[in-house]
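Understanding the architecture of this molecule
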Protein chains: 4
Amino acid sequence: MARNINRDQELRKERTNDILKHAVELFAQKGLEATKISDIAKKAGMSHGLIYNYFKSKEEIYASLIHLNLNSFKEQLEELYQTKKPKELLEGIVRDFDKRKWNEAGFHYFFVEQIINSDAVNTELKEALNRGYDEVVAFLSRIFKEGIENGEFVPGVPEYHAHYFLTVLQGTIVFSSKSLPQNIYGYTMLSYLYPLE
Amino acid sequence: MARNINRDQELRKERTNDILKHAVELFAQKGLEATKISDIAKKAGMSHGLIYNYFKSKEEIYASLIHLNLNSFKEQLEELYQTKKPKELLEGIVRDFDKRKWNEAGFHYFFVEQIINSDAVNTELKEALNRGYDEVVAFLSRIFKEGIENGEFVPGVPEYHAHYFLTVLQGTIVFSSKSLPQNIYGYTMLSYLYPLE
Amino acid sequence: MARNINRDQELRKERTNDILKHAVELFAQKGLEATKISDIAKKAGMSHGLIYNYFKSKEEIYASLIHLNLNSFKEQLEELYQTKKPKELLEGIVRDFDKRKWNEAGFHYFFVEQIINSDAVNTELKEALNRGYDEVVAFLSRIFKEGIENGEFVPGVPEYHAHYFLTVLQGTIVFSSKSLPQNIYGYTMLSYLYPLE
Amino acid sequence: MARNINRDQELRKERTNDILKHAVELFAQKGLEATKISDIAKKAGMSHGLIYNYFKSKEEIYASLIHLNLNSFKEQLEELYQTKKPKELLEGIVRDFDKRKWNEAGFHYFFVEQIINSDAVNTELKEALNRGYDEVVAFLSRIFKEGIENGEFVPGVPEYHAHYFLTVLQGTIVFSSKSLPQNIYGYTMLSYLYPLE
DNA sequence: CATGAATGAGATTTCATTCAT
DNA sequence: GATGAATGAAATCTCATTCAT
């Protein structure tokens, strides 16, 4: 065995990340269909053929990104959950939101339906996406529930608060090209969840 | 003149509306890119060639819809402004929002950037879009300004309130496929703008 | 009978000429395929549908023009033949050539093959074209024969002189956009056919 | 690097030539407009899509051919110029003219205007065409000037002789489908430029 | 006759995907 | 693995021609 298998796997991982990293910027910029495989390849400095060694289709790249995004979002939530109270926790999410460019495309939920219905994405990944989304909502709901209970948030149905939160985060991206002070939406939004003093 | 000119003009208007009416449903359902000209033609019960008699490209149809939407939105605002106070006014908007299916696609602002950069849309229309959007924001800001002054809304920068409002309306659509009670987002959102009693 | 049949036929003739007159300019400018039926209609100030009352296809318009051109060319030859000697005769042709804009497209022999093979032209017309061309060559040959015999032209095969003459006339058109003194080609050409003094 | 770059470049060159070689025959046969991309592809034994890998449009193929033709024509002139006197030189051009099928389309100057005005041809190429044509005329004029001076040609304006020469070459092609002895035009034409003995 | 809306065949063009090297 | 030439399905778009009014 002339090659080091571990090293090979590492390389594979690296390549995969390369692709995703560059793909996400393009997806965020131009959307799913307007982003060409060859754009991604060029940006990532490789041949377009090589991409098919790592992903079976463009849709699969996109699906992977949403998957990653949901997971990282959930992880971030969980991590913050260890040390923060609900209010601080969500403020942290909002504060870091625009740093998490990497994951933005994951919020292009617009396209999710296309992905879910696409033959070009394997079933496993599709199911993972559905599951992941539900988990995020569930986790957020739990946080809001606690926040409402301890008075950090105004009363209401926690699940509605959760969707409201996601809605505005989504809106943040959609409107991100407008010229308001960075992330004003997020903070404004959160402020509405605080009880008046 | 062997034909009735007025009738012809009416016909043209009708056809234009036919196309827009069916296009908007498809755009709302599948987005800009996944909607094919031939889909629109089939749905509208005409040949694809005919569409090019009325619009020079798919993007132009889309742009027309946004344009119409902005205008109708602005008109609705202006009309309500005659008789309603700010709070009632915005509640009216939210209440009727899901009835205005026709215009929904106009809120797919996701694609607006593509439209704005597309060669397939004539410059005039592009400018109208930009202008229209600014006018809507300006009008909303004015409403919020009054609402803040008369105590109907919590204090804040009216323009931020306006963007927040639009953001959530936008989010409403993006998430509209999920199973929450209709338009919970909109009402939830507005509730955050009311001062506590 | 409410309508005057003769008047109707005159009108038909006029319309036909209208179409041809405007078509020829476009064909001369842009060629056969690049000229659209609707261009011709617009230029002639009528609806495109009406053109089909007079010609069964675009190719037929083109074929008609060549036909007319050949005929008028032959007539001109025959008319001049009554009073002129060969040398004067051909000089007359050359001199008037650029005034005969009307017929220029008839010299776009480039497209003749397309016409001859097109289903959109009726057989009769096609045969007329072939016949017409042969007649022109025959007539020119006869003129050159006389001119050679009476010493007005240098010796040679009359038929070759004829083709040479047509060749350069054709070339004249092809190069007509270049900036040489009007019709220098024609005169230069003829000068080579004169014996030195 | 898994592929042999040199081999790839050769391949690209070959393919480009393949396309041009087959395109020129079709253009010569049917003209610019009647030649479809798919005709070229079929004749060249490749998929139509591949052609777009090498040329951005049909017009660009055509323009390339004219460009090549002008260049090869100029080179031929320059090469012959090393060893031949003007008269011999031009006779050489005429003699070889029908062997140079490859370049024929370059003489379809008929279409050049369309090419020059087409968006589908890049500016650089257009300028090269204009430049190339002027250079050819200039070179020919110089040859005629010398030929006139040394008595090989009849007196006259060299530039006119040059245009006359090109005109007839052009005419040769246009009439090439007719049944005269091969290239009679060319020789006939040149004979008119020789002083009588 | 005259019009222009409507059709649909056919051409251009793009690009995801495959595969020989 | 890596490359990019090659394919071909699918979309866009054009326009000659027909036909109801």
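Residue positions are counted from 1 within each chain, in the order its sequence is given. Just so you know, chain letters begin at A and ligand numbers begin at 1, following the order they were written in. Under the rules for a predicted model, residues below a pLDDT of 70 receive no local features and side-chain atom pairs below 80 are neither given nor counted, while totals for whole chains, interfaces and linings still include all residues. Derived side-chain values reflect all non-hydrogen atoms in the structure, with water molecules and hydrogen atoms excluded from consideration.

- Within an unreviewed UniProt entry, the label attached to chain A reads HTH tetR-type domain-containing protein, and the organism entered is Paenibacillus etheri.

**Digging into the overall build of chain A**
- Secondary structure elements follow DSSP: runs of H or I no shorter than four residues count as helices, runs of E no shorter than two count as strands, and numbering proceeds from the N terminus. Along the backbone of chain A there are 10 helices and zero strands.
- Traced from its N-terminal end to its C-terminal end, chain A shows the element sequence α-α-α-α-α-α-α-α-α-α.
- With a 1.4 Å probe rolled over the protein chains alone, any residue whose accessible area is under 20% of its type maximum counts as buried; one over 50% counts as exposed, and the rest are partly exposed. For chain A, with 197 residues in total, the buried portion stands at 50%.
- The contact criterion used throughout is that any non-hydrogen atoms of two residues lie within 4.5 Å. Of the contacts made within chain A by residues no fewer than 6 positions apart, 71% connect residues no fewer than 24 positions apart.
- Surface exposure here means Shrake-Rupley accessible area, sampled with a 1.4 Å probe, where a residue is shielded only by the protein chains that are shown. Carbon and sulfur atoms make up 48% of the accessible area of chain A, which amounts to about 9800 Å² in all.

**So, the nonpolar core**
- The biggest cluster of nonpolar side chains holds 93 residues, and the ones touching the most others in it are A:Ile61, A:Phe165, B:Ile61 and B:Phe165.
- Nonpolar cores were defined as sets of buried Ala, Val, Leu, Ile, Met, Phe, Trp, Tyr and Cys residues, with membership established by side-chain atoms within 4.5 Å. Judged by nonpolar contacts, the second largest core, of 47 residues, contains C:Leu26, C:Ile66, C:Leu140 and C:Ile148.

**Digging into the UniProt feature "DNA-binding region" (unreviewed entry) in chain A**
- UniProt positions are given in the numbering used here, feature names are shortened, and annotations may be inferred rather than shown by experiment. The sites that carry the UniProt feature "DNA-binding region" (unreviewed entry) are, in the present numbering, residues 36-55 of chain A.
- Along residues 36-55 of chain A, the helical share is 60% and the strand share 0%, with 14 Å between the first and last C-alpha atoms.

**Topic: the pattern of salt bridges**
- Salt bridge, as used here: a side-chain nitrogen of Lys or Arg that lies within 4 Å of a carboxyl oxygen of Asp or Glu. For the structure on display, the rule yields 20 salt bridges over all chains.
- Here B:Glu135 and B:Lys74 are joined by a salt bridge, their closest N and O atoms 2.3 Å apart. Within this pair, whereas B:Glu135 is found in helix H8 (residues 123-149), its partner B:Lys74 is found in helix H4 (residues 58-83), the two being separated by 61 residues in sequence.
- A relative accessible area of 35% means that B:Glu135 is categorised as partly exposed.
- Residue classification places B:Lys74 among the buried residues on the basis of a relative accessible area of 17%.
- Taken together, the salt bridges that share partners define one network made up of D:Arg7, D:Glu10 and D:Glu14.

**Quick word on the packing of aromatic side chains**
- Only Phe, Tyr and Trp rings are paired, with Trp represented by its six-membered ring, and only when their centres lie within 6.5 Å; those with planes under 30 degrees apart are stacked, over 60 edge-to-face, the remainder tilted. Using the criterion set out here, one finds 16 aromatic pairs over all chains in the structure.
- When the ring of C:Tyr81 is compared with that of C:Phe139, the centres are 5.4 Å apart and the planes differ by 80 degrees; the resulting orientation is edge-to-face. Linking C:Tyr81 in helix H4 (residues 58-83) with C:Phe139 in helix H8 (residues 123-149), this pair joins segments that are 58 residues apart in sequence.
- What makes C:Tyr81 partly exposed here is its relative accessible area of 23%.
- The class of C:Phe139 is buried, set by a relative accessible area of 10%.
- Members of the aromatic cluster, each reached through a chain of ring pairs, are A:Phe144, A:Phe153 and A:Phe165.
- Charge-over-ring placement is defined geometrically: NZ (Lys) or CZ (Arg) within 6 Å of the ring centre, and within 35 degrees of the ring normal. Geometry around B:Phe139 places B:Arg142 over its ring, the cationic atom sitting 5.2 Å from the centre.

**Focus on the environment of D:Glu33**
Residues and elements named next belong to chain D.
- Topologically, Glu 33 is positioned in helix H1 (residues 5-34).
- Residue Glu 33 is classed as buried on the basis of its relative accessible area, which comes to 7%.
- In the structure, Glu 33 is positioned 25 residues away from Lys 58 in sequence and 9.2 Å away in space, judged by C-alpha atoms.

**Thoughts on the packing of helix H1 (residues 5-30) of chain C against helix H2 (residues 37-44) of chain C**
Residue and element names in this part refer to chain C.
- Close contact between H1 and H2 brings their axes to 9 Å; oriented N to C, the two are set at 125 degrees. With respect to their mutual orientation, H1 and H2 come out oblique. Once H1 is placed against H2, the crossing between them reads as right-handed. Residue-level inspection shows Asp 18, Ile 19, His 22, Ala 23, Glu 25, Leu 26, Phe 27 and Lys 30 of H1 in contact with H2, the latter providing Asp 39, Ile 40, Lys 43 and Ala 44.
- Classifying every residue of the contact of H1 with H2 by side-chain character gives six nonpolar, one polar and five charged. As a rule, the C-alpha atoms of each element are fitted with a line to give its axis, helices using only the stretch in contact, and angles between N-to-C directions run from 0 to 180 degrees. Here roughly perpendicular refers to angles of 65 to 115 degrees, roughly parallel to angles under 35, roughly antiparallel to angles over 145, and oblique to all remaining angles. Should the near helix be turned anticlockwise from the far one by less than a right angle, the crossing is left-handed, and should it be turned clockwise, the crossing is right-handed. In the scheme used here, Gly and all other residues not listed as nonpolar or charged are polar, with Ala, Val, Leu, Ile, Met, Phe, Trp, Tyr, Cys and Pro taken as nonpolar and Asp, Glu, Lys and Arg as charged.

**Details of the packing of helix H4 (residues 58-83) of chain D against helix H7 (residues 123-149) of chain D**
Residues and elements named next belong to chain D.
- In contact at an axis separation of 10 Å, H4 and H7 are set at 25 degrees when each is read in the N-to-C sense. With respect to H7, the axis of H4 lies roughly parallel. With respect to the hand of their crossing, H4 and H7 are arranged in left-handed fashion. Contacts between H4 and H7 involve Glu 60, Ala 63, Ser 64, Ile 66, His 67, Leu 70, Phe 73, Lys 74, Leu 77, Glu 78 and Tyr 81 from the first element and Leu 125, Ala 128, Leu 129, Gly 132, Tyr 133, Glu 135, Val 136, Phe 139, Leu 140, Arg 142, Ile 143 and Glu 146 from the second.

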